[in-house]
Number of protein chains: 2
Amino acid sequence: MKDKLVITISREFGSGGREIGEIISAKLNIPFFDREIIIKAAEDSGLSEEYIEKEEQKVSSGLLLSLSNGGYITEECRPLSDKIYVAQANAIKGYAENGSCVIVGRCADHILKDHSDCLNVFIHAGRNFKVDRIMEKYSLDKSAAERKIKESDKRRKSHYRYYTSKEWGNIENYHLCLNSGELGIEKTAEIIIAAAEMI
Amino acid sequence: MKDKLVITISREFGSGGREIGEIISAKLNIPFFDREIIIKAAEDSGLSEEYIEKEEQKVSSGLLLSLSNGGYITEECRPLSDKIYVAQANAIKGYAENGSCVIVGRCADHILKDHSDCLNVFIHAGRNFKVDRIMEKYSLDKSAAERKIKESDKRRKSHYRYYTSKEWGNIENYHLCLNSGELGIEKTAEIIIAAAEMI
């Protein structure tokens, strides 16, 4: 495996992408970044973690959706979420410079497009597989789980489109797309590890 | 690896999907089916190979495109191409029953949707990678190669949509999608082999 291979994982909500990232990180003995990136970004930008989370949510669920639907963005809102994005992008670039790692979400595939060694992965799954997992994980009934999946993926799609001008989940943005529902969580992780060790 | 694992490969024109299928077949020592399916189908249906190829081309480039664009299909044409499809589908099911194999194209992922052990793969690549390969393979200039890729993929997309009612190249139809332009032909084959050996 390359010295500084960054495995970026984008994933549909409920597909187990985060868990897959953690398995890969543990088996390859390389760092795993997800929420930690928020904390690092918060430290760098001088914004509190709590504040970033609140602002991110606001931007994703309202502003970006309106944007993606042909709406507009107000100046007083944009600079703050851009500042958060830039702080996170800098954190991600810093992690990539330090050596091999796994980064889940946060447009890392796009942020690291000039990084020499990336394996960009997208994890997806069939609806039943995702709904069952979310019902169990969050103790929700079926319709609440379906709603949560739909809202979350819509947010991720809008966020990705806004910052990358590309389509989230379109095969052309990734080296490898895997169906964790069909392959299983463990085997999906193993296939990604096999790929990482080959490049 | 399972006893009767069928690796189906769908691929963008120029992505090297056929070559990848041949590498997998050779390394796993299992049969490879592509044009052979046509011959088998021809034998079973009593239609000549030459005739099937002619009809397939006609249907794909004219009739199916018009269909996918909201056009209609004439009764005198449809039954013949359906007969060819059914003959090919029966051939594919027969191969799958006989043991592990690699099948390239021909909607095999859909035809074998009830087969217990399939690994459905889609191979894609960036434009430059595909254009360079097609220019070299067919001794074409750049614009002719681009046109050939576009026409061929359009035909495959229409054919797939007509017979499966699904979108060719959409991640949800496959277990694994790989970018052969980024990963390389050999490594793409190796990753699929690794996946096949795990399931």
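Conventions adopted
As a convention, each chain's residues are numbered from 1 in the sequence order in which they are written. To label them, take the chains in the order written and letter them from A, then take the ligands in the order written and number them from 1. It should be noted that, the model being predicted, local features are given only for residues of pLDDT at least 70 and side-chain atom pairs only at 80 or more, the latter also being counted only at that level, while totals for whole chains, interfaces and linings use all residues. The side-chain numbers reported here are obtained from all heavy atoms of the structure, hydrogens and water having been left aside. Elements are defined by DSSP. Helices are runs of H or I of four residues or more, strands are runs of E of two residues or more, and each kind is numbered from the N terminus. Take the residue count of a helix, subtract one, and multiply by 1.5 Å to get its expected span. With a 1.4 Å probe rolled over the protein chains alone, any residue whose accessible area is under 20% of its type maximum counts as buried; one over 50% counts as exposed, and the rest are partly exposed. Pairs of residues are marked as contacts when any of their non-hydrogen atoms sit within 4.5 Å. Two aromatic rings from Phe, Tyr or Trp, using only the six-membered ring of Trp, form a pair when their centres are within 6.5 Å; if the ring planes differ by under 30 degrees the pair is stacked, by over 60 it is edge-to-face, and anything between is tilted. As a reminder, the over-ring test applies to NZ of lysine and CZ of arginine, requiring each to be within 6 Å of the ring centre and within 35 degrees of the ring normal. For the least-squares superposition of copies, only C-alpha atoms count, and only for residues with pLDDT at least 70 in both. The pLDDT score gives, residue by residue, the confidence of the prediction method on a 0 to 100 scale. Working definition: the arc comes from the directions between the helix axis and the C-beta atoms, pointing outward to the latter. Each pair of strands is called paired provided DSSP finds at least two bridges between the two strands. Lines fitted to C-alpha atoms define the axes, with helix axes restricted to the stretch in contact, and inter-axis angles between N-to-C directions lie between 0 and 180 degrees. Accessible area that two parts lose when put together, evaluated with a 1.4 Å probe and summed over both, is termed the buried area. In this count, Pro and Cys sit with the nonpolar residues alongside Ala, Val, Leu, Ile, Met, Phe, Trp and Tyr, while Asp, Glu, Lys and Arg are called charged and the others, Gly among them, polar. Between 65 and 115 degrees an angle is taken as roughly perpendicular, under 35 as roughly parallel, over 145 as roughly antiparallel, and anywhere else as oblique. By the definition used in this description, the sense in which the near helix is turned from the far one sets the handedness, with an anticlockwise turn below a right angle giving left-handed and a clockwise turn giving right-handed.

What is the right way to read helix H1 (residues 17–28) of chain B from this model?
An α-helical segment advances 3.6 residues per turn. Residues three or four places apart therefore align on the same side. Residues and elements named next belong to chain B. The first and last C-alpha atoms of H1 sit 16 Å apart over twelve residues, in line with the 16 Å expected at 1.5 Å per residue. Within the span of H1, buried status applies to Gly17, Ile20, Gly21, Ile23, Ile24, Ser25 and Leu28. Looking at the buried side of H1, the elements it contacts are strand E1 (6–11), strand E2 (32–33), strand E3 (101–104), strand E4 (118–124), helix H8 (180–183) and helix H9 (185–198). Phi for asparagine 29, located one or two positions after H1, is positive at around 55°.

Mind showing me how you'd approach the packing of aromatic side chains here?
In this description, an aromatic ring pair is defined by two values, namely the gap between the centres and the angle between the planes. One pass over the structure, following the stated rule, counts twelve aromatic pairs over all chains. Aromatic side chains Phe13(B) and Tyr138(B) sit 6.2 Å apart centroid to centroid with 20° between the ring planes, which places their arrangement in the stacked category. With Phe13(B) in the loop between E1 and H1 and Tyr138(B) in helix H6 (residues 127–138), this residue pair connects regions lying 125 residues apart in the sequence. Given a relative accessible area of 12%, Phe13(B) falls into the buried group. An aromatic cluster is defined as three or more aromatic residues linked by ring pairs; in this entry it consists of Tyr85(A), Tyr162(A) and Tyr163(A). Across the ring face of Tyr138(A), the terminal group of Lys148(A) is positioned such that the distance to the ring centre comes to 4.7 Å.

I keep staring at the relation of the copies chain A and chain B and nothing clicks. Help me out?
Superposing chain A onto chain B requires a rotation of 180° together with a translation of 0.0 Å along the rotation axis, leaving an RMSD of 0.0 Å. Such a combination of rotation and displacement between the chain copies is what one expects of a two-fold axis. Of the C-alpha atoms belonging to chain A, the one lying closest to the rotation axis is found on Cys177(A), 2.4 Å away.

What am I meant to see in the confidence of the model for chain A here?
Residues and elements named next belong to chain A. Per-residue confidence for chain A gives a mean pLDDT of 85, with 83% of residues at or over 70. Averaged pLDDT values over the elements of chain A bottom out at 57 in helix H3 (residues 49–68) and peak at 98 in strand E5 (residues 176–179). Scored below 50 in pLDDT, residues 60–77 shows 24 contacts in the model against residues more than four places distant or in partner chains. For this predicted complex, the interface confidence score (ipTM) comes to 0.85, while the overall pTM stands at 0.86.

Looking at this model, I keep getting lost on H6(B). Mind explaining?
Residues and elements named next belong to chain B. Taking 1.5 Å of rise per residue, the twelve residues of H6 would be expected to cover 16 Å, and the 16 Å separating its terminal C-alpha atoms lies within 8% of that figure. Within H6, burial applies to Lys130, Val131 and Ile134. Buried residues in H6, looked at end-on, bunch into an arc of 100°, giving them a common side. Of the residues in H6, the exposed ones pointing more than 90 degrees away from the buried face are Asn128 and Glu136. Contacts from the buried residues of H6 go to helix H7 (142–164).

Explanation requested: unusual backbone geometry in the structure shown.
Residues apart from glycine generally show negative phi values, whereas peptide bonds are mostly found in trans. Backbone geometry at Asn29(A) places phi at a positive 55°, although glycine is not the residue there. Position of Asn29(A) among the secondary structure elements: in the loop between helix H1 (17–28) and strand E2 (32–33).

What is the right way to read the sheet that holds E2(A) from this model?
As a general point, the strands of a sheet are linked pairwise by backbone hydrogen bonds and lie either parallel or antiparallel. Taken together, the ten strands give an open sheet; going across it, the order is E2(A)-E3(A)-E1(A)-E4(A)-E5(A)-E5(B)-E4(B)-E1(B)-E3(B)-E2(B), and neighbouring strands pair in mixed fashion. Sheet topology places E2 of chain A together with E2 of chain B at the edges, where each strand pairs with a single neighbour. Bridge analysis of strand E4 (residues 118–124) of chain A against E5(A) gives four bridges, and the strand direction is parallel. Directly across from Phe122(A), in E5(A), lies its bridge partner Cys177(A). Contacting E5 of chain A together with E1, E4 and strand E5 (176–179) of chain B, H9(B) runs over the sheet at an angle of about 165° to E4(B).

Would you explain the interface of chain A and chain B in this entry?
Put simply, an interface is often sized by how much accessible area is lost when its parts join up. The partner chain B presents 22 residues to the 22 residues of chain A that form the contact. Here chain A and chain B share an interface that buries about 1,800 Å² over both sides, 74% of which is from carbon and sulfur atoms. It is Ile171(A), His175(A) and Met198(A) in chain A that bury the most area against chain B; as a group they hold 35% of the surface buried on that side. Top element by residues in the side of chain A that touches chain B is helix H9 (residues 185–198) of chain A. It accounts for six residues. Residue classes in the side of chain A that touches chain B are distributed as 13 nonpolar, four polar and five charged. Pairing geometry for E5(A) and E5(B), over three bridges, is antiparallel. The residue of E5(B) that forms the bridge with Leu176(A) is Leu178(B).

Help me understand the packing of H9(A) against H9(B) in this model?
Relative placement of two packed helices is described by the angle separating their axes and the distance separating the axes. Running from amino to carboxyl end, H9(A) crosses H9(B) at an angle of 150°, the nearest separation of the two axes being 10 Å. Taken together, H9(A) and H9(B) sit at an angle that is classed as roughly antiparallel. As for how H9(A) packs across H9(B), the hand of that crossing is right-handed. Every residue of H9(B) that contacts H9(A) at Lys187(A), Glu190(A), Ile191(A), Ala194(A), Ala195(A) and Met198(A) is listed here: Lys187(B), Glu190(B), Ile191(B), Ala194(B), Ala195(B) and Met198(B). Class assignment for the residues of the contact of H9(A) with H9(B) results in eight nonpolar, no polar and four charged.

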